[in-house]
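These are the residues of each chain, in order.
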Amino acid sequence: MTNTIQISNTGPQNFEEILDNLGGFGRFQILILILLLFFEIPSAYIVFIQIFAGIPPKFWNCDGEVVDKVGACGCNGTLEAPSTSIVAEWHLICESAWIPDFITSIQMAGMLFGNLYATQTSDWYGRKYSTFSTILVCALGSAVAAVAPNPYIYAVARFFCGAGFSGYLSISAIYTIEFMPTKWRMLCGAVGPFGEATMSLALIAYYIPTWRYLTWATMTPLLLTPLIFPFVPESPRWLLQKGKTDELVKVLTYIAKINKRPPIELETIEKIVAKENPTRKSTDGKESRLSLFDFAKSKNKEIRMKAICLMAIFFAFSIIYFGLSFNIKNMNGNLYWNLVFLGFVDSVGFKMAIFVMGR
C-alpha cells in the first residue's frame, strides 16, 4: 500500500483540490492562523500607542506653582510636568500644540506608503519575507520612537511604525488566505486578536503611564518573531504562480506532515503547476513583474472599476475608523474605558462577520 496519492481522473486536478487532499482545514491551517495573526497584537499596540503618547497633562508646574494649560502658556519661568507623554516631555503646547496630532498624520502617511510598498514586494519577492520585513520595520520604528531625543526623530519613527503596521495587515490577509480551502477563507479576516489587543492596551497603559516605558513594553511580543519565522512556510499559491515547483513540493509536504495526510505525488504537482502557472516572460526570457502601473493600464475595465470602488470604500472606512480612534482622547468619559469599548466593538464586529461572509 503506497503513501502517495496516485494520478488519476479522480485525483487533484487543481490547487484547491490539492488543499482538500491535504486535509482541508486541518492542524496546519489552525497553526498558520495562530502564528501569523498573533502579530495583530503588537500591531494594535504600535498603531494606537500614539493615543497615550500624545495626551497633554492637565496641570503643569511653573516655578513651583501648579497651573493649567492656559497658565502654562503664560509661564515665564521653568515649566515642568511628569514625562508621561511627548507633550509633557517636549513641551508641545501653546504654539507647538499642533505637533502631536501632526505626528499622528505622519503615521497615517506611513500607513499609505506601507500599503503600496508591502503589497508590491509581496508579489515580487514572496509573502513570507515581505510579511516578516514589515514586522521588522514595526520593531525598528518602535525602538527608535522609544529613544527619540526630539519630536523630529519621533515623527520619522512613527512614519515607519505606520508603514510596517499597514504593510503587515495588507499582506497577512492575503498570506493566510492562500493556505486555506475556499470554505474557510473568511476566518482569515475575522478571527484575529486585533480588537482584544486594543482592549488590553488600555490596561497596559493604565499601569505603565510613561510613554517611553509603554513603547518598550508594547513591542515585547515582537521578540517572538525569530521563534515563529522557521515554522511559517512560503505561500504555496505564490510559489505556484511563480512556477517554483521544488519549493512548492517542500511546502505541500510540510502541510501534509502536520495534517497527517499522505503527500501529493511530484508528477501531480508538476501537472497542476503547468496548468495553473500564469507567469509571464518578457522578450529577454526573464520573468515580467507586474506593478500598480500595469493595473492602471489594464484593458480589463470591469476588474479595474471593481478594484477602484473597493479602494474607495476602504479609504472612506479608514478615515472614519482611524479618525474616531485617534480622537478618542478628546471624547467625554474615561480614556481607558473608551479604548476598551473601541476594542470590544472591533472584536465583536469581526467575529460576527464570520456568519455574514460567504452567504
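Description of the structure in this document. What you see is a predicted model; the values in this text were computed from it and never measured.

Examining helix H10 (residues 211–218)
When H10 is considered as a whole, its buried residues turn out to be Trp 211, Arg 212, Leu 214, Thr 215 and Thr 218. The buried side chains of H10 occupy one side of the element, clustering within an arc of 160 degrees when seen end-on. Where the residues of H10 are buried, they touch helix H3 (40–53), helix H5 (86–90), helix H7 (127–147), helix H8 (151–177) and helix H9 (194–207).

Here we look at a nonpolar patch on the surface
A cluster of nonpolar side chains, contributed by Phe 344, Val 345, Val 348 and Met 352, occupies part of the molecular surface with about 380 Å² of accessible area. Inspection of the secondary structure assignment puts Val 345 in helix H17 (residues 335–352).

Brief notes about the sheet that holds strand S1 (residues 60–62)
The strand order S2-S1-S3 describes an open sheet built from three strands, whose pairing is antiparallel. Two strands lie at the open edges of the sheet, namely strand S2 (65–67) and strand S3 (79–80), each paired on one side alone.

Concerning H9
With 14 residues, H9 extends 20 Å between its outermost C-alpha atoms, agreeing within 8% with the 20 Å of an ideal straight helix rising 1.5 Å per residue. Phe 194, Gly 195, Ala 197, Thr 198, Leu 201, Ala 202 and Ala 205 are the residues of H9 that are buried. Structurally, H9 contributes buried residues whose contacts are with H3, H8, H10, helix H16 (301–326) and H17.

Some details on the pattern of salt bridges
Under the criterion given, the structure shown has seven salt bridges. A salt bridge links Arg 185 to Glu 16, with the shortest nitrogen-to-oxygen separation between them at 2.9 Å. Highlighted residues: Arg 185 in the loop between H8 and H9 and Glu 16 in helix H1 (residues 15–21), separated in sequence by 169 residues. Using a relative accessible area of 30% as the deciding quantity, one classes Arg 185 as partly exposed. Residue classification places Glu 16 among the partly exposed positions, given a relative accessible area of 22%. One connected set of salt bridges, linked through shared partners, spans Glu 16, Arg 185 and Arg 237.

Reading the values: rules and limits
Residues numbered from 1 in each chain as written. Predicted model: local features only at pLDDT ≥ 70, side-chain atom pairs only at ≥ 80, totals over all residues. Heavy atoms only, no water. Buried < 20%, exposed > 50% of the residue type's maximum accessible area, 1.4 Å probe, protein only. Helix = DSSP H or I, 4+ residues; strand = E, 2+ residues; numbered from the N terminus. Arc of directions from axis to C-beta. Contact = heavy atoms within 4.5 Å. Patch = residues over 30% accessible without salt bridge, like charges linked within 9 Å, V, L, I, M, F, W, Y side chains within 5 Å. Areas by Shrake-Rupley, 256 points an atom, 1.4 Å probe, with all protein chains shown as cover. Salt bridge = Lys/Arg side-chain N within 4 Å of Asp/Glu carboxyl O. Pairing = 2+ DSSP bridges. Expected span 1.5 Å × (residues − 1).

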